[in-house]
Each structure stands twice: as C-alpha cells, then as structure tokens.
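Structure at a glance
Each chain, written out:
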Amino acid sequence: MRRKLVVVAILLLCLGSSLVAQENAENLGFSLDVVWLFIGAILVFIMQAGFALVETGLTRAKNATNITMKNVMDFCFGAIVYWALGWGFMWGKDALGGLIGTDQFFNGPMTLSIENGNFYKNWFFQVVFAATAATIVSGAMAERTQFKSYLIYTCFISAFIYPISGHWVWNPDGWLAQLGFHDFAGSTVVHSVGGWAALMGATVLGPRMGKYIKGTDGTVSVKAFPGHNIPYAALGVLLLFFGWFGFNGASTGIATVGEGGIWSGLNIARVCATTTLAASAGAIAALIFSWIWFKKPDASMTLNGLLAGLVGITAPCAVVSPGASIVIGLIAGVLVVLAVEFIDKVLKVDDPVGAVSVHCVCGIFGTIAVGIWANAPDEGVIGLLHGGGFTQLGKQFIGILSVGAWAAVTSLVLFLVIKAVVGLRVSPKEELMGLDLSEHKSEAYAGFQIFTNM
C-alpha cells in the first residue's frame, strides 16, 4: 500500500512539474515574442531617420530644416492620433461587413495581463507603420508646402485614411482579409496608401517654381533641381534598408516556434533573406538601367532602385523563393526609373524625391507579385507561375484597386479642403527664400552661403 502511495505521489509530482514547465515555456515564448516585436518596432522607427536623410539629401539646402521638422513631427502627431482613433478604426471590433473597427479608441488598460500586454506590444509595432505611411508624402510635397498644412494632413492620414484601409487587409475580420488578399508587410497597406496620398498632394500643390518652363514654341522643358547632399541620401537609404529587416522580419508577429506554420519564428530568416536579395537586385537593376539610359551611373536612381526593391518585396517576402525575390527586385529597379521619368516628364507631376514612383508604383507591383510568384500552398497563397491560375492574382487586383481608390479619393478631398480653408502652398517669395527661413526662421547650415535662386 505504501509503495502504491509513493508511486502515485511521484506520478503527481511529475505531472505537476510537467504542467509548471509547460506554463513556464509558454510564458517564455510570450516574452520572446514581445521582445522580438519590440526590436522590430525599434528597427522600423529608425526608418523615420532614414526618410528624413533621404528627403533632405535629395532636395535643396534651403529647405533642409523644414524637411527634418516634418519627419520628426509627423511621427509625434501621428502617434497620438493613432493611439486615440487610428488603432480603434484599424483593430477594433469589426462593423459594416469588414469595413471599419468600432471600439478600442483611447485604449490604455492598466492591469498587466497577457491580453493587455498584447495590446501594448501590438500597438507599439503598428504605430511605427502608421508613421511610415504618413512620412512618404513629405518628400513628394517638399520645398513648397506650408508646415501647418502638412501637420493637418499627417493627423488625418494617421487617424483615418491609413487605419481604415488597414482594417480591410490586416484585421482578420476585414473584407479583403476574408477574401484572401495577401499583403504580408504592407506593399499596399503602407506604401501604396502613402504613395497615392503623395501623388494627390503633389498634384493639388503644383510644381515648384521654375520646374516646368514653357517655351515660345509651346514646348515645355523640365528643369532638374539636384539634391544638395547625396551622402545624406545614401546614409538614409542604408538606414531604411536596416530598418526594413524589422518592417518585414517582425511582421511574422512571433519569434518562437509553434503552430504558426509559415508564420512561425522559423520564417524570420527567410523573410530577411528575400528582403536582402530583392533590395540588392533593385539597386543593381536601377544602376545598370540608368547607366544605359543616361550614359552615367546615376546615384539618386540607384538609391531609389534599392528602395524600390524593398517596397516590391514587402508584400510577397514570406511566400516567395530567394530566386523569385531577385526577379522581383530586378523588375522593381527598372520600373522605378521608368516611373520617375514618366511622372516627371509626361504627367508633369513634380515629385522631388521620387516618392510616388518608389512607394505607389512599386507597392502596386509588389502586391501583384504575390499573385505571380507566391508558392505557399500551406497558406493557400499560390501564384500564377506555381499552378495557382489567376485566382490569387485576381484577389490581389481587387485589393490594389479598392485600397488605391480609397487612399486617392480621401487624400484628394483632404488636400483640396486644406487648400481651401487654411492654404496649402507657401507664397512665391517664401518658396524662393527657402522654407527654412520662411517657415522656421532657422537655417540648417548657419554660417554657410546658401543660394536661394531657382
């Protein structure tokens, strides 16, 4: 009898130890997931500095302070309005058949539980994505936008425009998510939304003074305004490249190995590999293509080619092979050069840094790439080249058109209202002087002679 009791006691002890070990393992896994998501969010936050340097380097010296201020403040304003409103619209309880979230506004639980911890870790990761969508517009509208008007815009895109379309795709109850539309890290959700807003803003704002000069014979010549600091732009691009490992890599959501299949922590390495290869291929393609076209290897085109590869791989990075990622990057690198020339010289839309070409055009291409090269049967995402037919490709086009229409129309209305109510553009005198002095009474390069002619 005693032996039986001893055996039972040992079995109960082993069972208890096993349960404790399992609970500890689950807690450890949750902690690792939180740490990885926080590291990813910090990497994406660094991209804000990258955008600031790229835009500053590719524009004129007399506007450097203004560019810097916009990139700092669009995050600060955006973080607050995204917490207050944007998070609820994007991740709140679904309403109207997958169109919009309806709760979790001004959310801030104080009890430290797993559920509340999930809110904080997810909000911190998502807010830096919202900031990325907002700051894309800064470069396209550079050198002639009123600072106060830009701040109004950035609040609206972070609170309403980006979160609502984001709800459609990334909220599990969103209508595009239910349809099967795939955008792993935001070629459409983040980059195309920001790119469409940039196109609408630059169109409503009009070109910089002296950009398009009409001759006596009626022909229009296009004047280039070279950026004042290519090393700044290169450093910014490298910071963006660095941050993109968080942008794409941490979009896996978890760092531990569980039942997530392709979404598990094991996928982080492959996502980062495809991201690296696509970016490298994009830079190489833009370098060679611009070299052939312009007879010289163009630095700004090459840098934008790298970014084009990154934007292009953002949607399909988790569902394509390394070889496919190189092809995607090569196409994006050529596409961005063609888009910059087309938008500048055919559409006559003045985009000083090529933001529309990089983020809108290549964001659309990256989303289409899912429907062509995806090979993830476990997730039901199979592209045309792997036997999936046109099913996934059709879903991708539906997502592109619907999100594009939403972002373009709402942004156009927003900029027209801002223009009518508070004004959108600085005066010709202020533009000629430079926005550093006219908007901020501050010089980025105090003590140096800055030429303010066009």
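In short, a report on the structure. (Residues numbered from 1 in each chain as written. Predicted model: local features only at pLDDT ≥ 70, side-chain atom pairs only at ≥ 80, totals over all residues. Heavy atoms only, no water.)

Remarks on the nonpolar core
Inclusion rule: By convention a nonpolar core is built from buried Ala, Val, Leu, Ile, Met, Phe, Trp, Tyr and Cys residues, the set being connected through side-chain atoms within 4.5 Å. Relative accessible area decides the class of each residue, using a 1.4 Å probe on protein chains only: under 20% of the type maximum gives buried, over 50% gives exposed, and in between gives partly exposed. For helices the rule is a DSSP run of H or I covering at least 4 residues; for strands it is a run of E covering at least 2, with both sets numbered from the N terminus onward. Should any heavy atoms of two residues lie within 4.5 Å, those residues are counted as being in contact.
By size, the foremost hydrophobic cluster in this structure holds 113 residues, and its most contacted members are F129, Y153 and Y162. With 13 residues, the single largest contributor to this core is helix 3 (residues 114–140). Every residue in contact with F129, bar those within four places of it in the chain, is listed here: V44, Y162, W170, A185, V190, F247 and S251.

Here's the deal with the packing of aromatic side chains
Aromatic ring pairs are described here by two measures, namely the spacing of the ring centres and the angle between the planes. Put simply, the test is: Centres within 6.5 Å make a pair out of two Phe, Tyr or Trp rings, where for Trp the six-membered ring is used; the pair is then stacked when the planes are under 30 degrees apart, edge-to-face when over 60, and tilted otherwise.
A full pass over the atoms with the stated rule returns 22 aromatic pairs. Between Y150 and Y153 the ring centres are 5.5 Å apart and the planes differ by 50 degrees, which places this aromatic pair in the tilted class. Placement of both Y150 and Y153 in helix 4 (residues 147–170) is noted, with a separation of 3 residues, approximately one turn of the helix. Y153 gets classed as buried once you look at its relative accessible area, which sits at 1%.

Focus on the environment of V421
Along the chain, V421 falls in helix 12 (residues 391–421). A C-alpha to C-alpha distance of 9.8 Å links V421 and S149, two positions 272 residues apart in sequence.

Brief notes about the pattern of salt bridges
Note the following rule: Criterion for a salt bridge: a side-chain nitrogen of Lys or Arg within 4 Å of a carboxyl oxygen of Asp or Glu.
Evaluated as defined, the whole model comprises 6 salt bridges. A salt bridge links R60 to E143, with the nearest nitrogen and oxygen atoms 2.9 Å apart. Taken together, the positions of R60 in the loop between helix 1 (2–57) and helix 2 (64–91) and E143 in the loop between helix 3 and helix 4 put the pair 83 residues apart, joining distant regions of the chain. For the pair R60 and E143, a shared accessibility class is recorded, and that class is buried. R208 is the partner of E143 in a salt bridge, and the nearest nitrogen-oxygen pair spans 2.6 Å. Taken together, the positions of E143 in the loop between helix 3 and helix 4 and R208 in the loop between helix 6 (187–205) and strand 3 (212–214) put the pair 65 residues apart, joining distant regions of the chain. On the basis of relative accessibility, which here comes to 4%, the residue R208 falls in the buried class.

Overview of the packing of helix 9 (residues 299–314) against helix 11 (residues 355–373)
The geometry of a pair of packed helices is captured by two quantities: the angle between their axes and the separation between those axes. So the rule is basically this: The angle between two axes is taken between their N-to-C directions and runs from 0 to 180 degrees, where each axis is a line fitted to C-alpha atoms and a helix contributes only its stretch in contact. Each angle is binned into one of four classes, with values under 35 degrees roughly parallel, values over 145 roughly antiparallel, values of 65 to 115 roughly perpendicular, and all other values oblique. Crossings are sorted by hand: turned counterclockwise from the far helix by less than a right angle, the near helix makes the crossing left-handed, and turned clockwise it makes it right-handed. Classification used: nonpolar for Ala, Val, Leu, Ile, Met, Phe, Trp, Tyr, Cys and Pro, charged for Asp, Glu, Lys and Arg, polar for all others including Gly.
Across the interface, helix 9 lies against helix 11 with an axial gap of 8 Å and an inter-helix angle of 40 degrees. If you check the angle between helix 9 and helix 11, you find them oblique. Considering the relative orientation of helix 9 and helix 11, their crossing is right-handed. Mapping the contact onto sequence places N304, L307, A308, V311 and G312 in helix 9 and V358, H359, C362, G363 and G366 in helix 11. Class assignment for the residues of the contact of helix 9 with helix 11 results in 5 nonpolar, 5 polar and no charged.

Structural notes on helix 7 (residues 230–249)
So the rule is basically this: In this scheme, a helix's expected span is set at 1.5 Å multiplied by one less than its residue total. To get the bend at any residue, fit one axis to the seven residues that end at it and another to the seven that begin at it, then take the angle between the two axes. Two N or O atoms form a polar contact when they lie within 3.5 Å of each other; inside protein one atom must be a possible hydrogen donor and the other a possible acceptor, and for residues adjacent in sequence the pair counts only when both atoms belong to side chains.
Here helix 7 contains 20 residues, and its C-alpha end-to-end distance of 28 Å stays within 8% of the 28 Å for a straight helix at 1.5 Å per residue. The largest bend in helix 7 comes to about 30 degrees, at G243. Of the residues making up helix 7, those classed as buried are A233, G236, V237, L240, F241, G243, W244, G246, F247, N248 and G249. The N-cap of helix 7, judged by a side-chain oxygen 3.0 Å from the amide nitrogen of Y232 a few residues on, is N229.

Thoughts on helix 9
An α-helical turn contains 3.6 residues, so any two residues separated by three or four positions project in the same direction. Taking 1.5 Å as the rise per residue, helix 9 with 16 residues should run 22 Å; its terminal C-alpha atoms sit 23 Å apart, in good agreement. The buried fraction of helix 9 is high, at 14 of 16 residues.

Some thoughts on the side chain of S192
Of note, S192 is situated in helix 6. When near neighbours in sequence (up to four residues on either side) are disregarded, S192 contacts S187, H359, C360, G363 and I364.

Considerations on unusual backbone geometry
Although it is not a glycine, L96 sits at a positive phi angle of roughly 60 degrees. Within the secondary structure, L96 sits in the loop between strand 1 (94–95) and strand 2 (100–101). Residues other than glycine seldom take positive phi values, yet F106 does so here, at roughly 50 degrees. Counting through the fold element by element, F106 comes out in the loop between strand 2 and helix 3. A residue is classified by how much of its surface remains accessible, and F106, at 54% relative accessible area, is exposed.

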